[in-house]
Amino acid sequence: MTEVLLARRKAAVLAPSQLACLAKIPTVNLTAGCAHNCVYCYARSYSQNPGRGRITLYANTLEMLRAELPRKRKRPPAVYFSPSSDAFQPVPQVLELTYKIFEFLLAQRVGVAFLTKGKIPDRHMNLLKAHAPNVHAGIGLTTRDERISRAFEPGAAPPEARVAQIAALRQAGIDTQVRLDPILPGLTDDEETLNAVFATLGRLDVRDVAISTAFIRPSIARNVRHHVHDKKLAETFLRHYNPGAKLTMHGAGTSVTMPPAATRKAIYQRVRRLAGRYGIAIKICTCKNGDLATDSCHIAGNPSGKSHEPEQRTLF
Ligand code: SF4
């Protein structure tokens, strides 16, 4: 059960993210904290995060948007939800606010882009389907293994529900990207696990998958040790970061620890090979892998409408 604290947002809603890939469109978090409680979540260490089991809902977001949008000289082509929370957390107040805000933006012909590991309720799905050309969906799918998903993403939708959602979104003609992010080294990066994911995505005719291994910070390592009850799973994951590669998150400027470049290269090459079997193109998240890739993984789709975006270049 998640406790919901209510807060009033003071700063403008339509502000760009610090992440380079999201710099072109406004990004909105409806909450601080997230009921999905992923143990690898980077946002859990943010100062506004009210702590595990609680979220802060910015209840006046719609009201502020209604006031802000007409004042914009140039309307944004789309708004992205959410760089450090999830619009589809299993919390009724969050889902209600998400619905109303999506409804408002889409009625104003402003697109919505989102990334979720949650379950999209039927009511929201119908709204998205009714505005399919103005929606970019991102579904985070880390593995098809229920046990690992429950251990690392205890509040998120089960993998099979996410797969069903990808199918429904694609069937509705909605631009849908799958993010195999984060890959958990030692747990979800083996040939069999990856093949199961890509065979499924290939059947769903997914052609575009963005990837990255998880990054950690000391607080994330502590969370993993504390909240993953199967200690063998926790240590199998963490040992890939010791020693790790110290990197700076592109755009955000914060430092994180990734598996060493050689480990990531091997994982990404394996992913690319297996994805290629099913005709799926791989984009590496550049914000987290500035040493290995350039250009964008198109986390928010292509809201500018330009059709000739450069292809991603990898440095290996
Ligand atoms: S869904 Fe995203 S924001 Fe929510 S806990 Fe998981 S990683 Fe964090």
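To start, this report covers the structure provided alongside it. The structure displayed is predicted, hence computed values, not measured ones.

1. Some details on the overall build of the chain
- Scanning the chain from terminus to terminus reveals nine helices and 15 strands.
- Relative to a compact globule of 316 residues, whose C-alpha radius of gyration would be 20 Å, the chain shows 19 Å and is just as compact.
- The principal-axis extents of the C-alpha atoms in the chain amount to approximately 50 × 40 × 35 Å.
- Burial statistics for the chain: of 316 residues in total, 55% are counted as buried.
- Considering only residue pairs separated by 6 or more positions, the chain has 73% of its internal contacts joining residues 24 or more positions apart.
- Entry remark: accessible area of the chain is about 14,100 Å², with carbon and sulfur atoms responsible for 52%.
- A distance of 5 Å separates the average location of the 44 positive side-chain charges in the chain from that of its 25 negative side-chain charges.

2. Details of helix α7 (residues 218-227)
- Along α7, the positions that sit buried rather than exposed are Ser219, Ile220, Ala221, Asn223, Val224 and His227.
- The elements touched by buried residues of α7 are α4 (146-152) and α8 (231-238).

3. Looking at the site of the ligand
- Inspection of the region around the ligand gives Cys34, His36, Asn37, Cys38, Tyr40, Cys41, Ser84, Ser85, Asp86 and Lys117 as its neighbouring residues.
- Among the residues making up the shell around the ligand, the classes are represented as four nonpolar, four polar and two charged.

4. Focus: the nonpolar core
- By size, the foremost hydrophobic cluster in this structure holds 61 residues, and its most contacted members are Phe81, Phe102, Leu105, Phe198, Leu201 and Val209.
- Looking at this core element by element, the count peaks at nine residues for helix α2 (residues 92-107).
- Contacts of Leu201, omitting those with residues within four sequence positions, involve Leu141, Ile166, Val178, Val206, Val209 and Ile280.
- Within the second largest apolar cluster, 38 residues are counted, among which are Leu22, Leu184, Leu247 and Ala300.

5. Digging into the packing of α7 against α8
- In the contact formed by α7 and α8, the axes pass within 8 Å of each other and the chain directions differ by 160 degrees. If you check the angle between α7 and α8, you find them roughly antiparallel. Contact residues: α7 offers Ala221, Val224, Arg225 and His226, while α8 offers Lys231, Ala234, Glu235, Phe237 and Leu238.
- Split into classes, the residues belonging to the contact of α7 with α8 amount to five nonpolar, one polar and three charged.

6. Observations concerning the sheet that holds strand β4 (residues 31-32)
- Reading across from one edge, β1-β5-β4 is the order of the three strands in this open sheet, with mixed pairing throughout. Of all the strands in the sheet, the pair left with one neighbour each is β1 (3-7) and β4.

7. Some thoughts on the pairing of strand β10 (residues 208-213)
- Counting buried residues in β10 gives five out of six residues, a clear majority hidden from the surface.
- Where strand β9 (residues 175-183) and β10 come together, four bridges link them in parallel fashion. Residue pairing in the sheet places Ile183 in a bridge with Thr213 of β10.
- With helix α6 (residues 191-203) bridging β9 and the parallel β10, this β-α-β connection has right-handed handedness.
- One ladder, built from four bridges, connects β10 with strand β13 (residues 281-284); its direction is parallel.

8. Description of the side chain of Asn223
- Relative to the helices and strands, Asn223 resides in helix α7.
- On the accessibility criterion, Asn223 (16% relative accessible area) is buried.
- Residue contacts for Asn223: discarding those within four places in its chain leaves Val39, Arg44 and Val228.

9. Some points on the sheet that holds strand β7 (residues 111-116)
- With mixed pairing, eight strands are arranged side by side in an open sheet as β2-β3-β6-β7-β8-β9-β10-β13. Sheet topology places β2 (15-16) and β13 at the edges, where each strand pairs with a single neighbour.
- Where β2 meets strand β3 (residues 26-28), two bridges bridge the pair, whose relative direction is antiparallel. What sits directly across from Ala15, in β3, is Thr27.
- Each of β6 (78-81), β7 and β8 (135-140) touches α2; the most contacted strand, β7, lies at about 145 degrees to it.
- Contacting β8 and β9, helix α5 (residues 159-171) runs over the sheet at an angle of about 160 degrees to β8.

10. Here's the deal with α6
- A rise of 1.5 Å per residue sets the reference length of α6, with its 13 residues, at 18 Å; its end C-alpha atoms lie 18 Å apart and thus fit the reference within 8%.
- Listing the buried residues of α6 in full gives Thr193, Leu194, Val197, Phe198, Ala199, Thr200, Leu201 and Gly202.
- Tucked into the core, α6 has its buried residues touching α5, β9, β10, α9 (261-277) and β13.
- Within two residues after α6, Asp205 carries a phi angle of roughly 65 degrees, on the positive side.

11. What to know about the environment of Gly33
- Here Gly33 lies in the loop between β4 and β5 (54-58).
- For Gly33 and Thr200, which are 167 residues apart along the polypeptide, the C-alpha to C-alpha distance reads 31 Å.
- Discounting residues that sit within four places of it in the chain, Gly33 has contacts with Asn49, Pro50, Ile55, Ser85 and Gln89.

Rules used throughout
- Throughout this document, residue positions are counted from 1 along each chain, in the order its sequence is written.
- The model is predicted, so local features are restricted to residues of pLDDT at least 70 and side-chain atom pairs to those at 80 or more, both for listing and for counting; the totals for chains, interfaces and linings are taken over all residues.
- Only hydrogens and water are removed before side-chain values are computed, so all heavy atoms of the structure are retained for them.
- Elements are defined by DSSP. Helices are runs of H or I of four residues or more, strands are runs of E of two residues or more, and each kind is numbered from the N terminus.
- Our radius of gyration is a C-alpha quantity, and the globule rule it is checked against amounts to 2.2 Å times the number of residues to the power 0.38.
- Burial classification: accessible surface area is computed with a 1.4 Å probe over protein chains only, and a residue below 20% of its type maximum counts as buried, one above 50% as exposed, and the rest as partly exposed.
- Contacts are assigned to residue pairs that have any heavy atoms within 4.5 Å of one another.
- In short, Shrake-Rupley with a 1.4 Å probe defines the accessible areas, and a residue's cover is counted only from the protein chains shown.
- Here Asp and Glu are counted as negative and Lys and Arg as positive; His is not counted, and neither are the chain ends.
- By convention, charge coordinates are those of NZ in Lys, CZ in Arg, CG in Asp, or CD in Glu.
- The near set for a molecule or strand comprises every residue that places at least one heavy atom within 4 Å of it.
- Three categories are distinguished: nonpolar for Ala, Val, Leu, Ile, Met, Phe, Trp, Tyr, Cys and Pro, charged for Asp, Glu, Lys and Arg, and polar for the others, with Gly belonging to the last.
- What we call a nonpolar core is a set of buried Ala, Val, Leu, Ile, Met, Phe, Trp, Tyr and Cys residues that are connected through their side-chain atoms within 4.5 Å.
- Every angle, taken between N-to-C directions, lies between 0 and 180 degrees, and every axis is a line fitted to C-alpha atoms, over only the stretch in contact when it is a helix.
- Any angle between 65 and 115 degrees counts as roughly perpendicular, while under 35 counts as roughly parallel, over 145 as roughly antiparallel, and the rest as oblique.
- Any two strands with at least two DSSP bridges between them are considered paired.
- The definition of a right-handed crossover adopted here requires that, viewed with the strands pointing away, the path from the first strand over the helix to the second runs clockwise.
- Expected span of a helix, by definition, is 1.5 Å for each gap between consecutive residues, and there is one gap fewer than residues.

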